[in-house]
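An overview of the molecular structure
If you want the building blocks of each chain, they are given just below.
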Amino acid sequence: MIKTYRKVTEQDLLIDESLFTTSNKRFGVRGTFAEGTKSIYKTYRECVLNGVYETYPYCYGERGYGYPNRGEFIITLPDFQTIYVVINGEKLNYDTADIKAVKREFNTTNGHTIRTTKYLLNDIYEFTIKEERITPFDNPNLYIAKYDIKTNNFIGEIDIISTLTNQHKKNKYEHDPRFIETDQLTHTFELIDKNICKVSTIHTNFHVYFGLHHSINMTYSYNDQTETMIAKTTQKLTPKNTVTLTKYVIITSSVYETNPYSQNQQMIDSIKNTSITAYKNTVDQSIFVKDNKLITTALNYNLYQLNASGPADEYHSIPAKGLSGKGYEGHYFWDTEMYMFPYFLLTKPKEAKKILLFRYNTLKEARQEALNLNHDQGVKFPWRTIDGKEVSSYYPAGSAQYHINGIIAIQFLNYYFVTNDLDFLLKKGMDVIYQTALLYLEIGSFHNNEFHINTVTGPDEYSAIVNNNYYTNKLAQYHIKMLLELYSKHKRRFRNYDSTAIKQLKKAAEQMVIPYDKTRNINPQDSQFLSKKPLDLTSVRKPLLLNMHPLTIYRYQVCKQADTILAHMLLNDEPYDTMCDSLAYYEGITIHDSSLSKCIFSVMNSRLGDLEKGYKYFKQQLLTDLDNTHNNTEQGLHIANMGGTYLTIVYGFLGLHISSSGLSIAPKVPKELPEYTIKLRYRGASLTISIKDLITIKTDKEIQLEIYGKKYLISDKTRLKLSSNAYSALKIKKEK
């Protein structure tokens, strides 16, 4: 359970808005005070619904061929959180009363958030407001808030007013390029019934209905000037009784429902006899850490928020900020496949399949983007999108990141390797794997018996438009090899594949340029990277993208995040000493401006032998939002970083690796984490792997597992000795 106390400054309240977000894969509600705070304080009092977005035209100073012509951004929906109490004509909130105490809790075992605030009004009357919220997983159309009012010394009538107010908001982020600023009108607002309203987006034509219901009989009215639905009741309050109001908000939309208005009405009728305690979100705890309360609490919170962020269905993915705000405009990036997907793959494969289906369902848009970029064959998945179309207006750090094709294809492969779902692979997966691979023939070229992929940007966005980015080339090579292997096995099914293209792909994989520097025994990030001057990291202001012109950054040897090291983590196929030397080299020049960086350095340090450093990175990354280490948690949670939390333990400490031959593990025990248990799903089996002085594996189905380089047939319960040198198998394997 996450707890905070006495956080009432503007900055604290903004951070807590994000931390206490409640979401249910479909919509998210930021954790603001229902009664409001100081009117002079900034607030992002937002609710967002995944897939409900608006578009706006891009205005380029210098427009080029094929640039996206419009942007997309997730919209702010009406504020339905507000409940306030009026006492003797005065609202009870931070503007009118002193806050004597605040306690907030996020219960990750049932999904409830609880805020208890003690107010002193007019230096006389003491009141306690307790607000409990939940957005149920099993009813993704519902938001519930239970509002308790108590007093120590007041006797009299109070008015409780519950509202729903339309919002046309422009959020200002002080010229932060990661966030949109627009004054564009996004939607219209219409009162349908006394307790139902409708929001309609102007250009995208989405319709969202909001229905209100309360546990107490309320008098409804409407203010057309402020576009506010108002529900009011008067109650008697004394020190001997508690006044309780439960507010139900039903959200239906044309995105998810076939007849959202009638379904909203039906849901209002169906909840009249329910209560907040009837709903409890349960998340299978996939990782257990013993005797470390801080790690356990933070880990449970991160994985809960990751799980609550999506995917909603097979037509929507997971935004970079989840559903905790409008950061990055609600776009889907490679973050989903690279950092979030592994958690779902290894714990909830049905959810993982939805993430993949979103890409499959947007193949048409990906083909169009390839055409926009003048490619005659293949598909190019967008760098950032909501509906499958590319909306990145800055191509050097957007469209040029062709490597997104590689990770999407690899996760289709990993899904097959983990689930053994051959039917899905053959019917849908191979289409994606083949079409994404064809694009390498468009962006690469043969020269002097080598295949070069030029003019691309790798994961490290501080080195843009480079030649032979190691990460891009390595993933392309692996991607092609796996395609050819599967094509060879199932050739009869895929007779429509271009035989000439298949031969060219085979040649490209064999002749792929893989940068290697013999003097340093490292894999350079790209062909020109080592020729650049290193940047003095002690004299710069972070993050660099807000303090230096991009061209200046591009001229230096500096990394925003893991790049080459990320490829080492994914493929694990370079010599052990080369990976060690590369890791040491890039640690010296990586500034970690991205929250997605430290988890990869944690994994690789743990894998290669430095558990102390691996744990250090892990802890820093684990607390990114809880400690606001990037100073921007108020703009939304770093959901992909939360997925990285999973990677650090499962890919790092457990040493898990996925390949065509199955799962392999090489467990290690950091001294700060002497005992941990991980639950996995693998080929229909439920595995529980406990690591202490022994490796204990329980399974409900016989499976094969590679441990420290040796294959074991696991059935029922198996115990093995924990290796004193978990890296020996890796060394031997790489040296052969």
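Remember, predicted model here, so these are calculated numbers, not experimental data.

Quick notes on the rules
Residues numbered from 1 in each chain as written. Predicted model: local features only at pLDDT ≥ 70, side-chain atom pairs only at ≥ 80, totals over all residues. Heavy atoms only, no water. Helix = DSSP H or I, 4+ residues; strand = E, 2+ residues; numbered from the N terminus. Rg over C-alpha atoms; globule rule 2.2 N^0.38 Å. Buried < 20%, exposed > 50% of the residue type's maximum accessible area, 1.4 Å probe, protein only. Contact = heavy atoms within 4.5 Å. Areas by Shrake-Rupley, 256 points an atom, 1.4 Å probe, with all protein chains shown as cover. Lys, Arg positive; Asp, Glu negative; His and termini not counted. Charge placed at Lys NZ, Arg CZ, Asp CG, Glu CD. Pairing = 2+ DSSP bridges. Salt bridge = Lys/Arg side-chain N within 4 Å of Asp/Glu carboxyl O. Expected span 1.5 Å × (residues − 1). Disulfide = S-S within 2.5 Å. Phe/Tyr/Trp six-rings, centres within 6.5 Å; stacked < 30°, edge-to-face > 60°. Polar contact = N/O pair within 3.5 Å; in protein donor to acceptor, adjacent residues only side chain to side chain. Axes fitted to C-alpha atoms, helices over the stretch in contact; angles between N-to-C directions. Parallel < 35°, antiparallel > 145°, perpendicular 65-115°, else oblique. Left-handed = near helix turned anticlockwise from the far one by under 90°. Core = buried A, V, L, I, M, F, W, Y, C linked by side-chain atoms within 4.5 Å.

What follows concerns the overall build of the chain. A count of helical and extended segments in the chain gives 17 helices and 32 strands. The C-alpha atoms of the chain give a radius of gyration of 27 Å, which matches the 27 Å a tight globule of 736 residues would have. C-alpha extents for the chain along the principal axes are approximately 85 × 60 × 55 Å. Of all 736 residues assigned to the chain, the portion counted as buried reaches 63%. Residue pairs at least 24 apart in sequence account for 66% of intrachain contacts in the chain once pairs closer than 6 positions are excluded. Of the roughly 28,700 Å² of accessible surface on the chain, 46% is carried by carbon and sulfur atoms. The positive charge centre, built from 89 side chains, and the negative charge centre, built from 78, are 5 Å apart in the chain.

We now examine the sheet that holds strand β2 (residues 22-23). Within the open sheet, the three strands sit side by side as β2-β3-β4. Their pairing is antiparallel. Edge positions in the sheet fall to β2 and β4 (47-49), since each has one partner strand and no second. Where strand β3 (residues 27-29) and β4 come together, three bridges link them in antiparallel fashion. Across the sheet, the residue bridging to G28 is V48, located in β4.

Close approach of charged atoms allows side chains with opposite charge to pair. This structure, assessed with the given rule, holds 26 salt bridges. For K272, the salt bridge identified is with D269, shortest N-O distance 3.5 Å. Across the pair K389 and D387 runs a salt bridge, and its minimum N-O distance is 3.3 Å. For D387, a relative accessible area of 17% corresponds to the buried category. Through salt bridges that share partners, E35, R115, E131 and R133 make up one connected network.

Okay, the sheet that holds strand β13 (residues 156-165) next. One open sheet accounts for five strands, arranged β8-β7-β13-β18-β17; its pairing is antiparallel. Both edges of this open sheet fall to β8 (90-91) and β17 (219-223), since each of them pairs with a single strand only. Sheet topology places β13 next to strand β18 (residues 228-237); ten bridges connect them, and they run antiparallel. Opposite G156, over in β18, you have L237 as the bridge partner.

Where β17 and β18 come together, five bridges link them in antiparallel fashion. Across the sheet, the residue bridging to N223 is T228, located in β18. Here β17 folds back onto β18 in antiparallel fashion, the turn holding four residues, of which E227 has a positive phi close to 50 degrees.

Mapping D123 onto the fold places it in the loop between β10 (113-121) and β11 (125-134). For D123 and I697, which are 574 residues apart along the polypeptide, the C-alpha to C-alpha distance reads 61 Å.

With that out of the way, let us pick up helix α9 (residues 470-489). Compared with the 28 Å implied by 1.5 Å per residue over 20 residues, the 29 Å span of α9 between its first and last C-alpha is a close match. Burial analysis of α9 places 16 of its 20 residues in the buried class, the great majority of the element.

The next point concerns the state of the cysteines. Under the definition given, this model contains zero disulfides. Just so you know, C197 is unpaired, no disulfide at all, and the nearest cysteine sulfur is the one on C47, 11 Å from it.

Burial within helix α1 (residues 10-19) is extensive, with seven of its ten residues counted as buried. Looking at α1, one finds that the buried residues are L13, L14, I15, D16, E17, S18 and L19.

This next bit is on the packing of aromatic side chains. Counted according to the given criterion, the structure contains 38 aromatic pairs. Geometrically, the ring pair formed by F106 and Y304 is edge-to-face, given 5.5 Å between the ring centres and 75 degrees between the ring planes. Separated by 198 residues along the polypeptide, F106 in strand β9 (residues 97-106) and Y304 in helix α3 (residues 293-308) bring together distant segments of the chain. Given the relative accessible area of 1%, F106 is considered buried. On the accessibility criterion, Y304 (3% relative accessible area) is buried. Centre to centre, the rings of Y487 and Y497 are 5.6 Å apart; their planes meet at 10 degrees, and the pair counts as stacked.

Now for unusual backbone geometry. Cis geometry marks the peptide bond from G310 to P311; its omega dihedral reads 0 degrees. Within the secondary structure, P311 sits in the loop between α3 and α4 (335-347). Even without glycine at this site, E329 takes up a positive phi of about 65 degrees. For E329, the position within the fold is in the loop between α3 and α4. For E329, a relative accessible area of 7% corresponds to the buried category.

Within the secondary structure, T633 sits in the loop between α15 (611-622) and α16 (639-653). On the accessibility criterion, T633 (0% relative accessible area) is buried. Sequence separation of T633 and S18 is 615 residues, and the distance between their C-alpha atoms is 6.6 Å. Beyond its immediate stretch of four places on either side in the chain, T633 contacts I15, S18, L19, T624, D625, N628 and H638.

We now examine the side chain of T347. If you trace the backbone, T347 turns up in helix α4. The buried category is assigned to T347, whose relative accessible area is 15%. A distance of 2.5 Å separates the side chain of T347 from the backbone oxygen of Y343, its partner in a polar contact. If we skip the residues at most four places from it in the chain, T347 touches S286, Y646, K679 and R681.

A few words now on the packing of helix α7 (residues 403-419) against α9. Packing of α7 against α9 brings their axes to within 9 Å, and their N-to-C directions diverge by 40 degrees. By the criterion of interaxial angle, the relationship of α7 to α9 is oblique. For the element pair α7 and α9, the recorded crossing hand is left-handed. Together, H403, N405, G406, I407, A409, I410, L413, Y416 and F417 of α7 and Y471, T472, L475, Y478, H479, M482 and L486 of α9 make up the contact between the two elements.

Sheet topology places strand β30 (residues 703-707) next to strand β31 (residues 710-714); five bridges connect them, and they run antiparallel. Across the sheet, I707 pairs through a bridge with K710, a residue of β31. Between β30 and β31, which follow one another and run antiparallel, lie two residues, and Y708 among them has a positive phi close to 50 degrees.

Core analysis: the largest hydrophobic core is formed by 148 residues, its most contacted members being W334, Y339, L566 and L656. Discounting chain neighbours no more than four positions away, the residues touching L566 are W334, M338, Y339, P459, Y471 and I600. Among the nonpolar cores identified, the runner-up in size contains 32 residues, and Y53, V208, A312 and Y332 belong to it.

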